[in-house]
Amino acid sequence: MADPSSLPDVLRFYRDLGFTEIRAPAAVSPSKARKGRSQPAAPEPKLTEPAERIPVWNYRPGTDLFGAGETARQDPAAMLGKIQEDMGECTRCALHEGRSKIVFGSGNAKAKLVFVGEGPGADEDAQGLPFVGRAGQLLTQMINNTAAGEGISIQREDVYICNVVKCRPPGNRAPEPEEMKTCGQFLDRQLDAIRPKAICVLGGTAAKYLLDTRQGITKIRGQWQDWRGIPVMPTYHPSFLLRAYNKEGKRQAWEDLKMVLHYVYD
Ligand code: SF4
């Protein structure tokens, strides 16, 4: 969303994100908070004390919105459940029209490592689970075999896996930037809830959203990036690696994965 221009817009936006309550700092009265805003003729927000909390209009990525991060760190599974509940039978973007099932994400809510792809394919759409088709099987092999080969005792079930968009784009096309912006708010909340030690982002499309970059995946793969203070390793999407000519890509992806696994689990 661009900067909201009026309080009703702000409230609608955060309601859509699933927030049901607004708190403001004790030192800031509602009239002061509105001072200087050009369109104050809006319903009074329901302000609640105590309020060492961050007012929604001051929210910036990385801040602890309404203590969500704090709560999540205590109980990420409950927080993920709340995010899924807020998502409901979502129709916030056009991708809902062609989906069979929403693919929210799966794995360990307390995972130290999260994998993020771009969106569900046909198999995922049918099962409601991420990375279960051919590319998903390759990802499972990559995680399990690389970890075993490196003497790290984790398996796929120990990590968390999700996508930027939760509904299958028609014809397996890449999600549009606007669709990623809309649905990505749920991904942001998932990552804030889990707060893993590292994120491995799979493919250029997901990397563009998560890292807000215009650089292609071949340029940035294998180099640590940052998402709100969490190290991010970009690498190739497994579906790209399934192509027969991609021997060098496969080698690079396995190198990237080894780097991530050692960073997280050593
Ligand atoms: Fe909602 Fe995301 Fe599905 Fe769009 S892709 S309808 S925002 S769940």
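Predicted model only: the values in this text are computed from it and were never measured.

1. Some remarks on the sheet that holds strand S3 (residues 106-107)
No. 1: Spatially, S3-S5-S4-S6-S8-S7 is the arrangement adopted by the six strands of the open sheet, whose pairing is mixed. Here the strands that pair on one side only, and so sit at the sheet edges, are S3 and strand S7 (225-227).
No. 2: Pairing analysis gives four bridges linking strand S6 (residues 198-202) to strand S8 (residues 230-235), with the strands arranged parallel. Across the sheet, leucine 202 pairs through a bridge with threonine 235, a residue of S8.
No. 3: Across the face of the sheet, helix H8 (residues 204-211) comes into contact with strand S4 (113-117), S6, S7 and S8 while running at roughly 135° to S6.

2. Looking at the layout of surface pockets
No. 1: Here the second largest pocket is characterised by a volume of approximately 460 Å³.
No. 2: Looking at the second largest pocket, it is lined by 20 residues, and the ones nearest its centre are Gly121, Ala135, Asn172, His237 and Ser239.
No. 3: Residue assignment for the lining of the second largest pocket shows that the elements contributing at least two residues are helix H5 (122-127) and helix H6 (134-149).
No. 4: Here the element with the most residues in the lining of the second largest pocket is H5; it accounts for three residues.
No. 5: Partitioned by chemical class, the residues of the lining of the second largest pocket number eight nonpolar, seven polar and five charged.

3. Regarding the confidence of the model for the protein
No. 1: Per-residue confidence for the protein averages 81 on the pLDDT scale, and 73% of its residues sit at or above 70.
No. 2: In the model, residues 23-69 has pLDDT below 50 throughout and makes 65 contacts with residues more than four positions away in sequence or in other chains.

4. What about the pattern of salt bridges?
No. 1: Taken as a whole and judged by the stated rule, the model has 10 salt bridges.
No. 2: A salt bridge links aspartate 188 to arginine 228; the shortest N-O distance between them is 3.4 Å. Of the two residues, aspartate 188 sits in helix H7 (residues 177-194) while arginine 228 sits in the loop between S7 and S8, which places them 40 residues apart along the sequence.
No. 3: On the accessibility criterion, aspartate 188 (13% relative accessible area) is buried.
No. 4: Put simply, aspartate 256 and arginine 221 hold a salt bridge, and the shortest N to O gap is 2.7 Å. A residue pair is termed long-range when its members are at least 10 positions apart, and aspartate 256 in helix H11 (residues 247-265) and arginine 221 in the loop between helix H9 (217-220) and S7 qualify at 35 residues. Each member of the pair aspartate 256 and arginine 221 is classed as buried.

5. Observations concerning the pairing of strand S5 (residues 160-163)
No. 1: Burial of S5 is two-sided: the residues Tyr160 and Cys162 facing one way and the residues Ile161 and Asn163 facing the other way are all buried.
No. 2: With two bridges joining them, S3 and S5 adopt antiparallel strand pairing. Along S5, the bridge assignment pairs glycine 107 with tyrosine 160.
No. 3: Here S4 runs beside S5; their pairing, made up of four bridges, is parallel. Across the sheet, the residue bridging to valine 114 is tyrosine 160, located in S5.

Reading guide: rules and limits
Residues numbered from 1 in each chain as written. Predicted model: local features only at pLDDT ≥ 70, side-chain atom pairs only at ≥ 80, totals over all residues. Heavy atoms only, no water. Pairing = 2+ DSSP bridges. Helix = DSSP H or I, 4+ residues; strand = E, 2+ residues; numbered from the N terminus. Contact = heavy atoms within 4.5 Å. Axes fitted to C-alpha atoms, helices over the stretch in contact; angles between N-to-C directions. 1 Å grid on protein atoms, 1.4 Å probe; cavity = no way out; pocket = protein on both sides within 12 Å on 5 of 7 lines; lining within 4 Å. Points joined across faces, edges and corners; volume = space filled by probe spheres on them. Nonpolar A, V, L, I, M, F, W, Y, C, P; charged D, E, K, R; others polar. pLDDT = per-residue confidence, 0-100. Salt bridge = Lys/Arg side-chain N within 4 Å of Asp/Glu carboxyl O. Buried < 20%, exposed > 50% of the residue type's maximum accessible area, 1.4 Å probe, protein only.

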